[in-house]
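Working through the structure, step by step
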Amino acid sequence: MNKFVNKLIRNYLGAFMDRSRDKIALSDKIYQKDAKDSWELEERYNSLELDKKERIIINDYIACLMTREHRMADISYMAGVGDTVKFLNGIGLLKGSNNKVVKKRLKKL
């Protein structure tokens, strides 16, 4: 499934997902507060007197956390899309859901 998710994100849904999430995030008060807090904390972090080695370790750690969470957001989004497709197919609302190719691809989700 990981290859399938990667292909869907890369070829079909990546930009759509980002636009959709951004639109919701920009109107979400909790997200806005967290973003503001993170900017303030970043300023405080940048003002710390750390040596180069310490700063590199912390920066790498932060980058790892951010990329991990971004990837989890993509996976969660794709899981939601997959669950929705399975549900709609299961109740017969998808046109062409009797197609063998469609059924085979849905099973991979």
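The structure contained in this document is the topic of the report that follows. (Residues numbered from 1 in each chain as written. Predicted model: local features only at pLDDT ≥ 70, side-chain atom pairs only at ≥ 80, totals over all residues. Heavy atoms only, no water.)

Examining the overall build of the protein
Looking only at helices and strands, one finds four helices and zero strands in the protein. Going through the 109 residues of the protein one by one, you find that 15% of them count as buried. Summed over its atoms, the accessible surface of the protein is roughly 9300 Å², and 60% of this surface lies on carbon and sulfur atoms. (Helix = DSSP H or I, 4+ residues; strand = E, 2+ residues; numbered from the N terminus. Buried < 20%, exposed > 50% of the residue type's maximum accessible area, 1.4 Å probe, protein only. Areas by Shrake-Rupley, 256 points an atom, 1.4 Å probe, with all protein chains shown as cover.)

With respect to helix H2 (residues 29-46)
End to end, H2 covers 26 Å across 18 residues, agreeing with the expected 26 Å (1.5 Å per residue, within 8%). Its side-chain oxygen at 3.3 Å from the backbone nitrogen of isoleucine 30, aspartate 28 defines the N-terminal cap of H2. (Expected span 1.5 Å × (residues − 1). Polar contact = N/O pair within 3.5 Å; in protein donor to acceptor, adjacent residues only side chain to side chain.)

So, the pattern of salt bridges
The full count for this structure, using the stated rule, is four salt bridges. One salt bridge in this structure joins arginine 21 and aspartate 18, with 2.8 Å as the shortest N-O distance. Here aspartate 18 and arginine 21 lie together in helix H1 (residues 2-27), a separation of three residues that amounts to about one turn. Take aspartate 18: its relative accessible area is 32%, and that puts it in the partly exposed class. Between arginine 21 and aspartate 74 there is a salt bridge, with its nearest N and O atoms 2.9 Å apart. One end of the pair, arginine 21, is in helix H1; the other, aspartate 74, is in helix H3 (residues 52-90), with 53 residues separating them in the sequence. Assessed through its relative accessible area of 8%, aspartate 74 is described here as buried. (Salt bridge = Lys/Arg side-chain N within 4 Å of Asp/Glu carboxyl O.)

Let's talk about the packing of aromatic side chains
Any pair of aromatic rings gets described here by the distance separating the centres and the angle formed by the planes. Taken as a whole and assessed by the stated rule, the structure comprises zero aromatic pairs. Positioned over the ring face of tyrosine 45 is arginine 55, at 4.9 Å from the centre of the ring. (Phe/Tyr/Trp six-rings, centres within 6.5 Å; stacked < 30°, edge-to-face > 60°. Lys NZ or Arg CZ within 6 Å of the ring centre and 35° of its normal.)

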